[in-house]
Amino acid sequence: MAARFLVGIYTTQASMAESLKKTLAHSPFAISWSRTQTEFVQWTISNRHRIDCLVVQPANDSSELLNELWERDILLPTLVISSQSERTTAAEYYDAVIQVTPAELDTIESKVHEAINQFLQLPASQNTLIDNASTSTDTRDNRVFLLSLQQQRLTEKLQERLGYLGVYYKRNSQNFVRNMTVEERHEFLDQLRQDYRQIILSYFSSDDKTLNQRIDDYVNLAFFADVSISKVVEIHMELMDNFSKQLHMEGRSEEILLDYRLTLIDVLAHLCEMYRRSIPREI
């Protein structure tokens, strides 16, 4: 049986619940619906170590509900459905709540993934947790510990249930190639080219015991930077073109370069599998 996210949803509006049910009808989520705040809080307490994300829209503002979870030291990836005027109340829970308006509900599935991603990247420190000035140091330290523990549990659960998806959520979009500065991108792609060249040079060497590790390292580097498959192919073709020119200058046949198509296939197979197993919609 395919692993599924466990999402708890609480909304007091029947029309909102119906809209969400239609939107999420074919989602990869296992969903628990709560009709009252008491029912929702009790369900959350009972399932706090199984829940992947909470989605809430209380009757009034969200501060009362979030404060109740906060006081019970329940820290989970959370989406709050609210109007623009209500968007400040979620800050009373913790610093990584994702807020969406009713108009954004058609993207609720991607917002759940965003909430989990943001939660796992949240630094477990007192600066992250918003407490009252009267909150004791011991209480703050305990909440920092609980946040770190919950992140660890969620990461381990994702890795166990969802394979590479747990790794997927540890990716930081700031490190993606498309978000790098021009200088950072140039330096990073140069590193990719150099690493790929080393893989090529040692690919058919029976004495090189580090080849598999080189390929794994290369694939991890590309994966965490969200490098496209086409970019890897481009790097391969550039390198083959350089080798071809060198062989031509030396008066040697270029036929040997055809064998290195196996190298490209090997690397792409590893990278494609990593991307395939990390796509949330395929869970």
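Residues numbered from 1 in each chain as written. Predicted model: local features only at pLDDT ≥ 70, side-chain atom pairs only at ≥ 80, totals over all residues. Heavy atoms only, no water.

**What about the overall build of the chain?**
For the chain, the helix and strand inventory stands at 10 helices and five strands. Per-residue burial over the chain gives 44% buried out of 283 residues. Across the chain, every contact between residues at least 6 apart in sequence was considered, and the portion connecting residues at least 24 apart equals 69%. For the chain, the exposed area adds up to about 15,400 Å²; of that, 48% sits on carbon and sulfur atoms. (Helix = DSSP H or I, 4+ residues; strand = E, 2+ residues; numbered from the N terminus. Buried < 20%, exposed > 50% of the residue type's maximum accessible area, 1.4 Å probe, protein only. Contact = heavy atoms within 4.5 Å. Areas by Shrake-Rupley, 256 points an atom, 1.4 Å probe, with all protein chains shown as cover.)

**Some details on the packing of aromatic side chains**
Under the defined criterion, the tally for this structure stands at seven aromatic pairs. Measuring from ring centre to ring centre gives 5.8 Å for F5 and F29, while their planes differ by 75°; the resulting arrangement is edge-to-face. One end of the pair, F5, is in strand β1 (residues 5–11); the other, F29, is in strand β2 (residues 29–34), and 24 residues separate them in sequence. For the residue pair F5 and F29, the accessibility class agrees, reading buried in each case. (Phe/Tyr/Trp six-rings, centres within 6.5 Å; stacked < 30°, edge-to-face > 60°.)

**Some thoughts on the nonpolar core**
If you look at the biggest cluster of nonpolar residues, it comprises 31 residues, and the most contacted ones within it are F188, Y196, Y218, V227 and V232. Mapped by element, the contributors of at least two residues to this core are α7 (182–202), α8 (211–224), α9 (229–249) and α10 (261–278). If we ignore the near neighbours within four places in the chain, the residues touching Y218 are L192, D195, Y196, I199, V232, I235 and V267. Of all hydrophobic cores here, the second largest spans 26 residues; its members include V7, L20, F29 and I98. (Core = buried A, V, L, I, M, F, W, Y, C linked by side-chain atoms within 4.5 Å.)

**Describing the sheet that holds β2**
Strand order in the open sheet formed by five strands is β2-β1-β3-β4-β5, and the pairing between neighbours is parallel. In the strand order of this sheet, the two ends are held by β2 and β5 (98–100), each with one partner. Strand-to-strand, the axes of this sheet are offset by a mean angle of 20°, without reference to chain direction. Bridge analysis of strand β3 (residues 53–57) against strand β4 (residues 78–81) gives three bridges, and the strand direction is parallel. Residue V55 lies in a different strand from β4, and its bridge partner there is L79. (Pairing = 2+ DSSP bridges. Axes fitted to C-alpha atoms, helices over the stretch in contact; angles between N-to-C directions.)

**Some remarks on the environment of P77**
On the secondary structure map, P77 appears in the loop between α3 (63–71) and β4. Along the backbone, P77 and F119 are 42 residues apart, and their C-alpha atoms lie at a distance of 5.6 Å.

**A word on the pattern of salt bridges**
Within this structure, the stated rule accounts for eight salt bridges. K111 is the partner of E114 in a salt bridge, and the nearest nitrogen-oxygen pair spans 3.6 Å. Remark: K111 and E114 occur in helix α4 (residues 108–121); sequence separation between them is three residues, near one turn of the helix. Ionic pairing is found between K245 and D241, a salt bridge with its closest N-O pair at 3.5 Å. One end of the pair, K245, and the other, D241, are both in helix α9, four residues apart, so they sit about a helical turn from each other. The partly exposed category is assigned to D241, whose relative accessible area is 39%. Ionic contacts of the salt-bridge type, sharing partners, join the residues D190, R193 and E238 into one network. (Salt bridge = Lys/Arg side-chain N within 4 Å of Asp/Glu carboxyl O.)

**Side note on the pairing of β2**
Relative to β2, β1 is paired through six bridges, and the arrangement is parallel. Note that in β2 the partner of L6 across the bridge is A30. Since β1 and β2 lie parallel, the crossover through helix α1 (residues 14–23) that links them has a hand, and here it is right-handed. (Right-handed = clockwise from strand over helix to strand, strands pointing away.)

**Observations regarding the packing of helix α2 (residues 37–46) against α3**
It is the contact of α2 with α3, at a shortest axis distance of 11 Å, that shows an interaxial angle of 25°. Judged on the interaxial angle alone, α3 and α2 are roughly parallel. Of the two possible hands of crossing, α2 and α3 adopt the one that is right-handed. Contacts between α2 and α3 involve Q37, F40, V41 and T44 on the former and, on the latter, E64, L65, E68 and L69. Its residues assigned to classes, the contact of α2 with α3 comprises four nonpolar, two polar and two charged. (Parallel < 35°, antiparallel > 145°, perpendicular 65-115°, else oblique. Left-handed = near helix turned anticlockwise from the far one by under 90°. Nonpolar A, V, L, I, M, F, W, Y, C, P; charged D, E, K, R; others polar.)

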